[in-house]
Amino acid sequence: MKKIVVLIIIFAAVVAMNLLKDKEQIGTVIINQEKIPDLSLRQSIKSCLEGEKGHVTEEVAVTLYADDENMEKYRALMERLEGWGIKCTLRKETKENIFDFRALGELTLYIWEGEAEDIYEAFLTRNTVFYSTGFVDYEYDRFFSEGEFERAREYLLENICIVEA
């Protein structure tokens with residue numbers, strides 16, 4: 001009888017660990033608009049990363065770059081993307097190389113490593129080529145200057161594709 005109880009406890013622990021693994025938080029993911037210009041595809045990727053069920057209707061391939069420190073988060077990101085039918089390659093790189101890729105606008109998707117509250121300021125006030133989202137801020141500025149703050153925020157979120165995953 002004791003053996004059965006122990007086996008049930010072990011089984012329950014394994015199931016709980018698997019459920020927690022599926023719910024693993026990745027962090028704030030940025031989708032590069034220049035690399036994925038199709039808004040509907042970006043929306044699909046956002047839905048995927050937010051944990052919704054579904055699949056993409058077109059062939060998509062992305063390469064993710066991670067250093068040793070962030071490899072697990074990028075593996076979780078890769079698993080979510082592959083679950084939607086997105087062909088995904090994960091490459092291990094040094095942090096310096098990843099920094100260069102970002103500076104050149106080459107990262108299709110990457111995990112934002114700064115503070116969450118600094119994201120908006122970073123995209124609006126720093127060199128947009130460095131942050132490589134393809135964000136064009138004319139419309140944002142227009143909405144903001146006309147006092148349409150909610151539309152400005154929606155436009156910003158849509159175009160720089162921030163996903164809390």
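The structure under discussion appears in the preceding block.
Residues numbered from 1 in each chain as written. Predicted model: local features only at pLDDT ≥ 70, side-chain atom pairs only at ≥ 80, totals over all residues. Heavy atoms only, no water.

S.K.: What exactly am I supposed to notice about the packing of helix H2 (residues 39-49) against helix H3 (residues 71-83) here?
M.R.: Packed helices, taken two at a time, are described by their axes: the angle between them and the distance between them. Where H2 contacts H3, the axes come no closer than 9 Å and their chain directions differ by 120 degrees. With respect to their mutual orientation, H2 and H3 come out oblique. H2 and H3 meet at a crossing whose hand is right-handed. Along the contact surface, H2 presents Ile-45, Cys-48 and Leu-49, while H3 presents Leu-77, Arg-80 and Leu-81. Looking at the contact of H2 with H3, its residues break down into 5 nonpolar, no polar and 1 charged. (Axes fitted to C-alpha atoms, helices over the stretch in contact; angles between N-to-C directions. Helix = DSSP H or I, 4+ residues; strand = E, 2+ residues; numbered from the N terminus. Parallel < 35°, antiparallel > 145°, perpendicular 65-115°, else oblique. Left-handed = near helix turned anticlockwise from the far one by under 90°. Contact = heavy atoms within 4.5 Å. Nonpolar A, V, L, I, M, F, W, Y, C, P; charged D, E, K, R; others polar.)

S.K.: Any chance you could explain the nonpolar core here in plain terms?
M.R.: Across soluble globular proteins, nonpolar side chains show a tendency to be buried alongside one another. Counting 34 residues, the largest nonpolar core has Val-29, Ile-45, Leu-49, Leu-64, Leu-77, Leu-81 and Leu-109 as its most contacted members. Secondary-structure elements contributing two or more residues to this core are strand S1 (28-31), H2, strand S2 (61-66), H3, strand S4 (109-112) and strand S5 (162-164). The element that contributes the greatest number of residues to this core is H3, accounting for 6 residues. Setting aside anything within four residues of it in sequence, one finds Leu-77 in contact with Ile-26, Val-29, Leu-49, Leu-64 and Ile-111. (Core = buried A, V, L, I, M, F, W, Y, C linked by side-chain atoms within 4.5 Å. Buried < 20%, exposed > 50% of the residue type's maximum accessible area, 1.4 Å probe, protein only.)

S.K.: Is there a simple way to think about the packing of aromatic side chains in this case?
M.R.: A ring pair, where both rings are aromatic, is described by two values, the distance of the centres and the angle of the planes. Going through the model one piece at a time under the given rule, you end up with 2 aromatic pairs. For the pair Tyr-65 and Phe-101, a centre-to-centre distance of 4.6 Å together with 55 degrees between the ring planes defines the contact as tilted. With Tyr-65 in strand S2 and Phe-101 in helix H4 (residues 95-103), this pair connects stretches of sequence that are 36 residues apart. Judged by its relative accessible area of 22%, Phe-101 is partly exposed. Pairing Phe-144 with Phe-149 gives two aromatic rings, centres 5.0 Å apart and planes at 70 degrees, and the pair type is edge-to-face. (Phe/Tyr/Trp six-rings, centres within 6.5 Å; stacked < 30°, edge-to-face > 60°.)

S.K.: Even after reading the chapter, I still don't get the sheet that holds S5, so can you show me in this structure?
M.R.: Strand pairing in a sheet takes place through backbone hydrogen bonds and is either antiparallel or parallel in direction. Across the sheet, 3 strands lie side by side as S4-S1-S5; this open sheet has antiparallel pairing. Looking at the sheet topology across the chains shown, the edges are occupied by S4 and S5. Taken pair by pair, the neighbouring strands of this sheet meet at an average axis angle of 30 degrees, ignoring direction. Together, S1, S4 and S5 form the strand contacts of H2, whose direction differs from that of S1 by roughly 165 degrees. (Pairing = 2+ DSSP bridges.)

S.K.: Would you mind showing me how to read the pairing of S1 here?
M.R.: On a regular strand, one side chain projects to one face of the sheet and the next to the other, so that they alternate. Side chains of S1 alternate between two faces, with Thr-28 and Ile-30 and Val-29 and Ile-31 buried alike. As paired strands, S1 and S4 are joined by 4 bridges and run antiparallel to one another. Pairing of Val-29 across the sheet is with Ile-111, part of S4. Sheet topology note: the S1/S5 ladder contains 3 bridges and is antiparallel. Paired with Val-29 across the strands is Val-163, a residue of S5.

So, to be careful, I would describe these as geometric facts and stop short of saying anything about function.
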